[in-house]
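Coordinates in review
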Amino acid sequence: MVTTDSYHDWNLPERVARLKDLAYNLWWSWHPEARALFKEIDRTLWADTHHNPVRMLRACPKVVLDARMADKGFLSRYDAVIAAFDAYMAGNDTWFSKAHPELKGVTVGYFSAEFGVHNSLRIYSGGLGILAGDHCKAASDLGVPLIGVGFMYPQGYVQQKISSDGWQQNVYEQADWDASPIRPVLGPSGGRMLLDIPLGRGMVKVAVWKVQVGRVPLYLMDTNVDGNSPHDREISGRLYGGDRTMRLRQEIILGIGGVRMLRALGVHPAIFHANEGHSSFLFLELAREKVSAGKPLDEALREVADGAVFTTHTPVEAGHDVFAEEMISEYFSSYWPQLGVEREQFLDFARVPGHSGWNMTALALKMAGRRNAVSRRHGQVSREMWKSLWPSRPVDEVPISHVTNGVHLATWVQQEIGAVYDRYLGEDWRERQDDPALWSKVAAIPDEVLWLQHNRNKSQLLQMMRARARAKWMTEKSDPSQALAGGALLDHSALTIGFARRFAGYKRATLILHDIERLKKMLFDPWRPVQLVFAGKAHPADDGGKMLIQQIYRLAKDPAFGGRIAFVEDYDMHVARYLVQGVDMWLNNPLAPLEACGTSGQKAGANGVPNFSVLDGWWEEGYNGANGWPIGQPGGRGAGPEADQADAEDIYATLERKVIPLYYDRDDLLIPRGWVKLMKESIRSVAPKYGASRMVKDYVNGLYAPTAAAAR
Ligand SMILES: *Cc1c(COP(=O)(O)O)cnc(C)c1O
């Protein structure tokens, strides 16, 4: 039996004791009434604890709670939130139960190296993790019985500080378990549950934490426990932090340990879904279980394939883990006999024809019976990329389909914009979010209302940037020009272009700086100025990415740019929300076809922030001629300086001729009617198609349901 018993004794007044349940279920993070309730307890503490109710309630003085007890309004709002929470958790009447009664009792084991659910849980780096978090939230909303499997990294992913000369400093902070929305999983005897997972020739102890995301539990493994060597304790230390050996050790624990953890928890999913190749070892472990139960290997592999879904997330080579075969032999020489195979046959499981090395993506593609890419374009690119695994098939018959990513709207749509949707689309817009007819009502939102709210969001972004610049200036005694680089001189009335993403080379963060003089003319046009806001981390070991950041940061500090270029440090979910909600336009100019999907632009679009993007990833299918602008040509122009030059030329020409004139074309009330029309078209076209609800329904209908049928 497994319990996650009461962990902390908080001494909450009995009347509001269930605040604790609320704090430990991240459901609160996407329900405005629950957020408002926590905020109401103590606004300052809420801000100081970075919107982390576990930390806040533990720090909350008794007098503050006592004061709330005397407030009838607070108590009735508390009761309403708890009632809504209980009704949600009971989940009697979900989409899933109605659409798929035949799947009753089926569970999905969803494996991912990262989960981006909320900033109080820093176990994500970027797009992949946030996609996983959004997948879990939407699965919870729809009643899909998903169980997440991952790691609880004590040091999470790198945090970013920028030095005065623009160089990214890699900062790691130890998580404070007591202030995190996680609870230890206990074993039958009431002590901490500890698993022994074989790793190479030894054993590693793994402890388990549970995070509740609405109805979806995440079980997260942690090797930092007594009884492990210091080396083993570090396995779960950092996300994407170590060398190749560390990466392999993590992935063995994630895949093989993950399956064993589920078994120890008594969980037997009918469907296993590997979100990216990091967890592919899970399929070997499933096969090993069947072989050890007496099945012949080929039958075991067939059964594993029938119950397995694999999603590939990038066409970029470096995004696919390939391990040296010697390294694999070192760790698996006692494993392959358990499958009844020899070394060569084992290594063949993960080989790409014509290449040596153990390829984690190839392993999953071969082992899983259903495979998908994350946008239409990425589907084509992936079929081409992996066709050698199916040599007898023409490329369009390579069995990799696609489900285009989407974003969890209740998380990413700004709260007051959400209230506007409540009013003009109906209060059930979140539940009906994938119905295009609902969104046609966006036309009924008065221009004034949408424009005013957008400008409030923009003010909040600029305020957040100034507050951070001020804090850096005061606490780090930073050089004054760093306050300017942080956005202290940004102008509320200027057209503000946002660019935020990982600083990986193919994202071409500095493309808009290609012709500095031409850009400067736009920035300093006295009547129609433009400003740029950048954010993003480089991988801690990627000096090339750090150099791109430095290049931008130097311009941001340079008096010649007058504070019209700014860089926000430490891009994370919190910063991302301000940016996608508060800039005027969202820029994305990767080298096509390397953007598998891209989701930040979907977040922007659903908030009425139009996209200006290369026709790659989701925008290749999302651009409709009236909801933003394209850059370059469909399919891209190939790589190289000429292509960059041509794409940059395209960016400038579109800005000069289309974007800037439209943004500054105001009527008597100073409202840019044409621009607001564009904002509405962005919402109308993006929200229903690129929400996580549509995405998870596609997974269930197109992948999970057939997988469950095959597994039966
Ligand atoms: C949404 C998001 C991403 C992914 O966005 P892309 O468009 O794929 O770059 C990355 N990081 C953060 C913090 C996000 O919120």
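Owing to the predicted nature of the structure, the values given are computational and were not obtained by experimental measurement. (Residues numbered from 1 in each chain as written. Predicted model: local features only at pLDDT ≥ 70, side-chain atom pairs only at ≥ 80, totals over all residues. Heavy atoms only, no water.)

A word on the packing of helix α10 (residues 244-264) against helix α11 (residues 281-292)
Where α10 meets α11, the closest approach of the two axes is 8 Å, and the angle between their N-to-C directions is 45 degrees. Between α10 and α11, the angle falls in the class oblique. Viewed along their axes, α10 and α11 form a crossing whose handedness is right-handed. Contacts from L248, E251, I252, G255, I256, V259, R260 and R263 in α10 reach F281, L282, E285, L286, R288 and E289 in α11. Of the residues contributing to the contact of α10 with α11, the split by class is 7 nonpolar, 1 polar and 6 charged. (Axes fitted to C-alpha atoms, helices over the stretch in contact; angles between N-to-C directions. Helix = DSSP H or I, 4+ residues; strand = E, 2+ residues; numbered from the N terminus. Parallel < 35°, antiparallel > 145°, perpendicular 65-115°, else oblique. Left-handed = near helix turned anticlockwise from the far one by under 90°. Contact = heavy atoms within 4.5 Å. Nonpolar A, V, L, I, M, F, W, Y, C, P; charged D, E, K, R; others polar.)

Considerations on the packing of aromatic side chains
On inspection of all chains with the given rule, the structure shows 33 aromatic pairs. For the pair W30 and Y88, a centre-to-centre distance of 6.5 Å together with 75 degrees between the ring planes defines the contact as edge-to-face. Taken as a pair, W30 in the loop between α1 (19-23) and α2 (32-41) and Y88 in helix α6 (residues 72-90) lie far apart in primary sequence, 58 residues in all. Using a relative accessible area of 2% as the deciding quantity, one classes W30 as buried. Pairing W619 with Y623 gives two aromatic rings, centres 5.4 Å apart and planes at 45 degrees, and the pair type is tilted. The exposure class assigned to W619 is buried, which follows from its relative accessible area of 0%. Accessibility expressed as a relative area gives 26% for Y623, which makes it partly exposed. Through pairs of rings, three or more aromatic residues link up here, namely F281, F332, Y335, W336, F346, F349 and W358. The ring of W209 carries the charged tip of R192 above its face, separated from the ring centre by 4.2 Å. Positioned above the aromatic ring of W412 is the side chain of K603, whose terminal nitrogen or guanidinium carbon lies 3.9 Å from the ring centre. (Phe/Tyr/Trp six-rings, centres within 6.5 Å; stacked < 30°, edge-to-face > 60°. Buried < 20%, exposed > 50% of the residue type's maximum accessible area, 1.4 Å probe, protein only. Lys NZ or Arg CZ within 6 Å of the ring centre and 35° of its normal.)

Things to note about the domain arrangement of the chain
Along its sequence, the chain is carved into domain 1 (2-90), domain 2 (104-405 + 696-711) and domain 3 (412-688). Computed from C-alpha coordinates alone, the two centres of domain 1 and domain 2 are separated by 33 Å. Together, the buried faces of domain 1 and domain 2 total about 2200 Å²; carbon and sulfur atoms form 59% of this surface. At the junction of domain 1 with domain 2, the criterion picks out 1 salt bridge. One salt bridge connects R58 with D178, and the closest N-O pair in it is separated by 3.8 Å. Put simply, the parts of the chain that give the side of domain 1 that touches domain 2 at least two residues each are α1, α4 (53-59) and α6. Across the side of domain 1 that touches domain 2, the residue classes break down as 11 nonpolar, 9 polar and 4 charged. (Domains from an automatic or database assignment. Buried area = accessible area lost by both parts, 1.4 Å probe. Salt bridge = Lys/Arg side-chain N within 4 Å of Asp/Glu carboxyl O.)

Let's talk about the environment of H514
In this structure, H514 sits in the loop between β15 (495-500) and α23 (516-523). Its relative accessible area of 40% is what places H514 among the partly exposed residues. Taking the C-alpha atoms as reference points, H514 and R501, separated by 13 residues in sequence, lie 18 Å from one another. Setting aside residues up to four positions removed in sequence, H514 forms contacts with D644, Q645, A648 and Y652. Here Q645 takes part through its side chain, which lies 3.2 Å from a polar atom of the side chain of H514. (Polar contact = N/O pair within 3.5 Å; in protein donor to acceptor, adjacent residues only side chain to side chain.)

Remarks on the pattern of salt bridges
Summed over the entire model, instances satisfying the criterion amount to 49 salt bridges. For E40, the salt bridge identified is with R77, shortest N-O distance 2.6 Å. With E40 in helix α2 and R77 in helix α6, this residue pair connects regions lying 37 residues apart in the sequence. Take E40: its relative accessible area is 25%, and that puts it in the partly exposed class. Linking R122 and D572 is a salt bridge whose minimum nitrogen-to-oxygen distance equals 3.5 Å. On the criterion of sequence distance, the pair formed by R122 in the loop between β1 (108-111) and α8 (127-142) and D572 in the loop between β17 (565-568) and α25 (573-582) is long-range, its members being 450 residues apart. Looking at D572, the relative accessible area reads 7%, which means it is buried.

Some words on helix α12 (residues 297-306)
For α12, the set of buried residues is L297, A300, V304 and A305. For α12, the buried positions fall inside an angular range of 135 degrees around the axis, keeping them on one side. In the core, the buried residues of α12 are packed alongside α11, β10 (308-311), α14 (336-339), α15 (343-348) and α16 (360-367). (Arc of directions from axis to C-beta.)

Points about the layout of surface pockets
Computed from the structure, the second largest pocket encloses a volume of approximately 1200 Å³. Taken together, 48 residues make up the lining of the second largest pocket; nearest its centre are S125, G127, L128, R502 and Y506. When residues in the lining of the second largest pocket are grouped by element, the largest group, 4 residues, is from α8. Among the residues forming the lining of the second largest pocket, the class breakdown is 21 nonpolar, 13 polar and 14 charged. Both domain 2 (104-405 + 696-711) and domain 3 (412-688) contribute no fewer than three residues apiece to the lining of the second largest pocket. (1 Å grid on protein atoms, 1.4 Å probe; cavity = no way out; pocket = protein on both sides within 12 Å on 5 of 7 lines; lining within 4 Å. Points joined across faces, edges and corners; volume = space filled by probe spheres on them.)

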